[in-house]
Amino acid sequence: MSGDGTTADDDPLQTAVWRLRSRACWADAAALLAPDTPDTALQRASLLVERCLYTEAGWEEAEDALRTAEALAHSDDERGAAACERGCLAYAATLFRVRDRADEARAALGRAAALIAPGASGRALLDFRRGLIAENLTRSPQAARAAYRRAHAGATAHADPLLLSATWRHLAGLALRDGELAEARQGFAESLRIREELGYLVGTAPALVSLAETETEPEASRLREEARRLFRLLGGVPTWLTTQLAPPTPGTATA
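The following refers to the structure shown. On a predicted model such as this, the values are computed, not experimentally measured, just so you know. (Residues numbered from 1 in each chain as written. Predicted model: local features only at pLDDT ≥ 70, side-chain atom pairs only at ≥ 80, totals over all residues. Heavy atoms only, no water.)

1. With respect to the packing of helix 5 (residues 76-95) against helix 6 (residues 102-115)
Where we set the bar: Angles run from 0 to 180 degrees between N-to-C directions of axes, and those axes are lines fitted to C-alpha atoms, restricted for helices to the stretch in contact. Comment: elements are numbered from the N terminus, with helices defined as DSSP H or I runs of at least four residues and strands as E runs of at least two. Angle categories are assigned with fixed cut-offs, so that under 35 degrees is roughly parallel, over 145 is roughly antiparallel, 65 to 115 is roughly perpendicular, and the rest are oblique. Helix crossings fall into two classes, left-handed where the near helix is turned counterclockwise from the far one by less than a right angle and right-handed where it is turned clockwise. Contact between two residues is taken to exist if any of their heavy atoms lie within 4.5 Å; hydrogens are not considered. Residues are grouped as follows: Ala, Val, Leu, Ile, Met, Phe, Trp, Tyr, Cys and Pro are nonpolar; Asp, Glu, Lys and Arg are charged; every other residue, Gly included, is polar.
In the contact formed by helix 5 and helix 6, the axes pass within 7 Å of each other and the chain directions differ by 160°. In terms of orientation, helix 5 lies roughly antiparallel with respect to helix 6. Read as a crossing pair, helix 5 and helix 6 show a hand that is left-handed. Judged by residue contacts, D76, D77, R79, G80, A83, C84, R86, G87, A90, Y91 and T94 of helix 5 engage A102, E104, A105, A108, L109, R111, A112 and L115 from helix 6. Residue composition of the contact of helix 5 with helix 6, grouped by class: 10 nonpolar, three polar and six charged.

2. Some remarks on the state of the cysteines
Two cysteines joined by a covalent bond between their sulfur atoms form a disulfide. Heads up, the rule is: The disulfide criterion used throughout: a pair of cysteine sulfur atoms within 2.5 Å.
Here the structure, examined in full by the defined rule, presents zero disulfides. Counting only cysteine sulfurs, C52 is the nearest neighbor of C25, a cysteine outside any disulfide, at a range of 16 Å.

3. Things to note about the pattern of salt bridges
Selection criterion: Here, a salt bridge means any Lys or Arg side-chain nitrogen found within 4 Å of an Asp or Glu carboxyl oxygen. Exposure is judged per residue with a 1.4 Å probe applied to protein chains only, and the accessible area is read against the type maximum: over 50% gives exposed, under 20% gives buried, and values in between give partly exposed.
Enumeration over the complete set of coordinates arrives at 23 salt bridges. Across the salt bridge formed by E85 and R129, the nearest N and O atoms sit 3.0 Å from each other. With E85 in helix 5 and R129 in helix 7 (residues 121-136), this pair connects stretches of sequence that are 44 residues apart. Note on accessibility: E85 and R129 belong to one class, buried. The residue E225 makes a salt bridge to R232 at a minimum N-O spacing of 3.9 Å. A relative accessible area of 36% means that E225 is categorised as partly exposed.

4. Section: empty space enclosed by the protein
Going by this rule: The way it works is a 1 Å grid over only the protein atoms, where trapped points that fit a 1.4 Å probe form a cavity and open points with protein on both sides within 12 Å along at least five of seven lines form a pocket, and then any residue with an atom within 4 Å of a point lines it. Grid points are joined across faces, edges and corners, and a volume is the space filled by probe spheres set on the points.
Going through the model one piece at a time under the given rule, you end up with one cavity of 30 Å³ or more. Counted as a void, the largest cavity has a volume near 30 Å³. For the largest cavity, the full set of lining residues is P38, L42, A69, A73, E78 and A82. The residue makeup of the lining of the largest cavity, split by class, is five nonpolar, no polar and one charged.

5. Examining the packing of aromatic side chains
Our working definition: Here a pair means two rings of Phe, Tyr or Trp (six-membered ring of Trp) with centres within 6.5 Å. Their orientation is stacked below 30 degrees between planes, edge-to-face above 60, and tilted elsewhere.
Enumeration over the complete set of coordinates arrives at four aromatic pairs. For the ring pair Y54 and W240, a centre distance of 6.2 Å and an interplane angle of 40° mean the geometry is tilted. You can see Y54 sitting in helix 3 (residues 38-55) and its partner W240 sitting in the segment after helix 12 (219-233), a full 186 residues away along the chain. Since its relative accessible area comes to 6%, Y54 is described here as buried. An aromatic cluster of at least three residues, connected via ring pairs, comprises W26, Y54 and W240.

6. A closer look at helix 6
Worth spelling out the cut-off: To estimate the expected span of a helix, subtract one from its residue number and multiply by 1.5 Å. Directions drawn from the helix axis to the C-beta atoms are what define this arc.
Between its terminal C-alpha atoms helix 6 stretches 20 Å, which fits the 20 Å expected from 14 residues at 1.5 Å a residue. Where helix 6 is concerned, the buried positions are A102, A105, A108, L109, A112 and A113. The buried side chains of helix 6 occupy one side of the element, clustering within an arc of 145° when seen end-on. Seen from the buried face of helix 6, the exposed residues on the opposite side, beyond 90 degrees, are D103 and A114.

7. So, the layout of surface pockets
Using a probe with the size of a water molecule, rolled over the atoms, empty space left in the structure can be pinpointed. A volume near 950 Å³ is recorded for the largest pocket. Looking at the largest pocket, it is lined by 33 residues, and the ones nearest its centre are L132, N136, R169, H170 and W240. Residue assignment for the lining of the largest pocket shows that the elements contributing at least two residues are helix 3, helix 5, helix 7, helix 9 (161-177), helix 10 (181-198) and helix 11 (204-212). Considering each element in turn, the lining of the largest pocket owes the most residues, seven residues, to helix 9. A class-by-class count of the residues in the lining of the largest pocket yields 18 nonpolar, six polar and nine charged.

Structure below.
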């Protein structure tokens, strides 16, 4: 969930990786990175873990890449970042019912918390992922909100717009659950704005669907139709939007 490759002054390799990643071509992006340094091995693993989150596939490739990143990590920051990715992969496997790895996810993020210094750039992503576990596995919205707020502050401090778009969206989701419609609409709109500005196509459809939940007709249907168009363009990714973006049944009003 970092914004690597999104600015004009980035090097050509990172720009190419970002463009492929944002268009759901994670394997192609990973193929550009030689896993011969801790940084490139970790970035490659991160791409393949993200593919699992969006496609519910590619688990073995992500595991292999993660083991390489863990083997190359030497500093506390590197080991902490690798542990954070392992926690995310275990979370995704649990969320999508591939295998219950909830204990592994919590333990890995706990290791990451012990290794990544408070205030370090990687801390915001760690807080975000702890929020995901609290919200979706532990079912503790209060703990999730606190973690997302820490992640939001960290993403702001370290100028990580892609992570900021995620914290906006998840905080808005909790607000919507609590019936705070105006707060939810603002958060979803901010998330969508950032993702559109970054050109993060694979994350734009979910942002559109979320914002549609707070809008009235005909705007809600317009947003869902735009999400449906992007979803088809990217070959049905993210897979977990399939049910929500199924075409309206004949005779169903959409206006």
